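# Understanding the architecture of this molecule
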Amino acid sequence: MDFKINDLEREPIDFDLGLAPGAVDFGGEAEQVGALAASGRAEVLHEHRGPRDIVADIRLKGHLAGNFQVPCARCVEPVGIPLEADFDLIFRPVAADSGAAERAITAPETEIGYYQKDSLSLEDVLREQVLLALPVRTLCKPDCKGLCPRCGENRNHQACNCEAGPSNPHWEALAGLRDRIKP
Ligand SMILES: [Zn+2]
Ligand SMILES: [Zn+2]
């Protein structure tokens with residue numbers, strides 16, 4: 001769903017959507033499970049920079065809720081994460097700040113996003129909000145044992161035989177001996 005600045009200039013647009021998986025591309029970072037609910041309102045905020053310099057910003061305020069799966073940071077098994085977040089964001093037309101380098105950008109302004117051409121994509125905003133809301137590092141459980149770096153076995157399911165190996169000098173010596181005996 002795109003919010004066009006011309007439509008918003010006439011009146012605010014309320015939205016209440018259920019987005020099917022795939023409608024928003026989360027890349028490899030997260031997988032959406034079931035519908036992603038997004039509701040709220042888009043409206044224009046006029047920024048008066050001077051008598052003839054009025055910038056039409058888009059304010060997007062709303063709520064999102066959905067279920068996601070992200071890989072465990074240690075064993076890469078999918079971990080379910082229910083997400084719910086409120087957002088209240090301001091987007092400025094990209095052209096309005098094309099000379100931004102010369103203007104002093106004050107701290108609160110660094111929070112401002114931009115919209116391209118004459119519209120703002122709700123899907124783009126949702127992608128960013130979901131990725132921001134997801135934990136930086138997800139574990140399937142606090143004591144996840146992870147994958148064996150040697151054979152790739154998930155050590156939560158099954159202990160593998162490599163574990164006792166090279167970390168134990170006794171076994172290392174035996175392994176070396178066995179290699180030498182091999183024809
Ligand atoms: Zn894990
Ligand atoms: Zn192993």
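Being a predicted model, the structure only gives us computed values, none of them experimental.

### A short note on the overall build of the protein chain
Secondary structure summary: the protein chain contains three helices and seven strands in total. A separation of at least 24 residues holds for 57% of the contacts in the protein chain among residues at least 6 apart in sequence. Counting only carbon and sulfur atoms, one obtains 52% of the accessible surface of the protein chain, whose full area is about 11,800 Å².

### Section: the confidence of the model for the protein chain
A low pLDDT means the predicted coordinates there should not be read in detail. Put simply, the protein chain has an average pLDDT of 85, and 81% of its residues get 70 or more. Looking across the protein chain, the model is least confident in helix 3 (residues 169–181), with a mean pLDDT of 55, and most confident in strand 2 (residues 13–19), with 97.

### Some words on the coordination of the zinc ion (ligand 1)
For the zinc ion (ligand 1), the full set of protein donor atoms is Cys72 (SG), Cys75 (SG), Cys140 (SG) and Cys144 (SG), at a range of 2.3 Å. Coordination at the zinc ion (ligand 1) is tetrahedral: its four donor atoms span angles of 106 to 113° at the metal.

### Description of the coordination of the zinc ion (ligand 2)
On the protein side, the zinc ion (ligand 2) has Cys148 (SG), Cys151 (SG), Cys160 (SG) and Cys162 (SG) as donor atoms, found 2.1 to 2.3 Å from it. Written as a sequence motif, the donor arrangement for the zinc ion (ligand 2) is C-x2-C-x8-C-x1-C. In this structure Cys162 comes out as partly exposed when scored by relative accessible area, which is 21%.

### Side note on the pairing of strand 3 (residues 31–50)
Of the pairings in the sheet, the one linking strand 2 to strand 3 comprises seven bridges and is antiparallel in character. Paired with Asp16 across the strands is Ser39, a residue of strand 3. Relative to strand 4 (residues 53–71), strand 3 runs antiparallel, the two being bridged by 16 bridges. Note that in strand 4 the partner of Glu47 across the bridge is Val55. Hairpin connection from strand 3 to strand 4: two residues lie between these consecutive antiparallel strands.

### Focus on the sheet that holds strand 6 (residues 113–115)
The five strands lie next to each other as 2-3-4-5-6, forming an open sheet whose pairing is mixed. Each having just a single partner strand, strand 2 and strand 6 make up the two edges of the open sheet. In this sheet, neighbouring strand axes are inclined to one another by 30° on average, regardless of whether the strands run parallel or antiparallel. The sheet contact formed by strand 4 and strand 5 (residues 78–93) spans 14 bridges and is antiparallel. Bridging across to strand 5, Asn67 finds its partner in Pro82.

### Concerning the pattern of salt bridges
Scanning the entire structure with this criterion turns up seven salt bridges. The shortest N-O distance in the salt bridge between Asp14 and Arg41 comes to 2.7 Å. Here the residue Asp14 occupies a position in strand 2, and Arg41 occupies one in strand 3, the gap between them amounting to 27 residues. You can call Arg41 partly exposed: its relative accessible area is 36%.

### Remarks on the pairing of strand 5
The antiparallel hairpin formed by strand 4 and strand 5 contains six residues in its connecting segment, where Val76 sits at a positive phi of about 60°. Both strand 5 and strand 6 contribute to a ladder of three bridges, which runs parallel. Paired with Pro93 across the two strands is Tyr115, which belongs to strand 6.

### Some words on unusual backbone geometry
Negative phi is the rule for most residues except glycine; trans is the rule for most peptide bonds. In this model, Val76 sits at a positive phi of 60°, which is unusual for a non-glycine residue. With respect to the helices and strands, the residue Val76 is situated in the loop between strand 4 and strand 5. Here the phi dihedral of Lys117 falls at roughly 50°; this positive angle occurs in a residue that is not glycine. Summarising the element assignment, Lys117 is placed in the loop between strand 6 and strand 7 (119–121). Among the residues examined, Lys117 registers a relative accessible area of 76% and is labelled exposed.

About the criteria used
Residues numbered from 1 in each chain as written. Chains lettered and ligands numbered in written order. Predicted model: local features only at pLDDT ≥ 70, side-chain atom pairs only at ≥ 80, totals over all residues. Heavy atoms only, no water. Helix = DSSP H or I, 4+ residues; strand = E, 2+ residues; numbered from the N terminus. Contact = heavy atoms within 4.5 Å. Areas by Shrake-Rupley, 256 points an atom, 1.4 Å probe, with all protein chains shown as cover. pLDDT = per-residue confidence, 0-100. Donors = N, O, S within 2.8 Å, 3.2 Å for Na, K, Ca; no water. Tetrahedral: all angles 85-135°; square planar, octahedral: opposite > 155°, others 65-115°. Buried < 20%, exposed > 50% of the residue type's maximum accessible area, 1.4 Å probe, protein only. Pairing = 2+ DSSP bridges. Axes fitted to C-alpha atoms, helices over the stretch in contact; angles between N-to-C directions. Salt bridge = Lys/Arg side-chain N within 4 Å of Asp/Glu carboxyl O.

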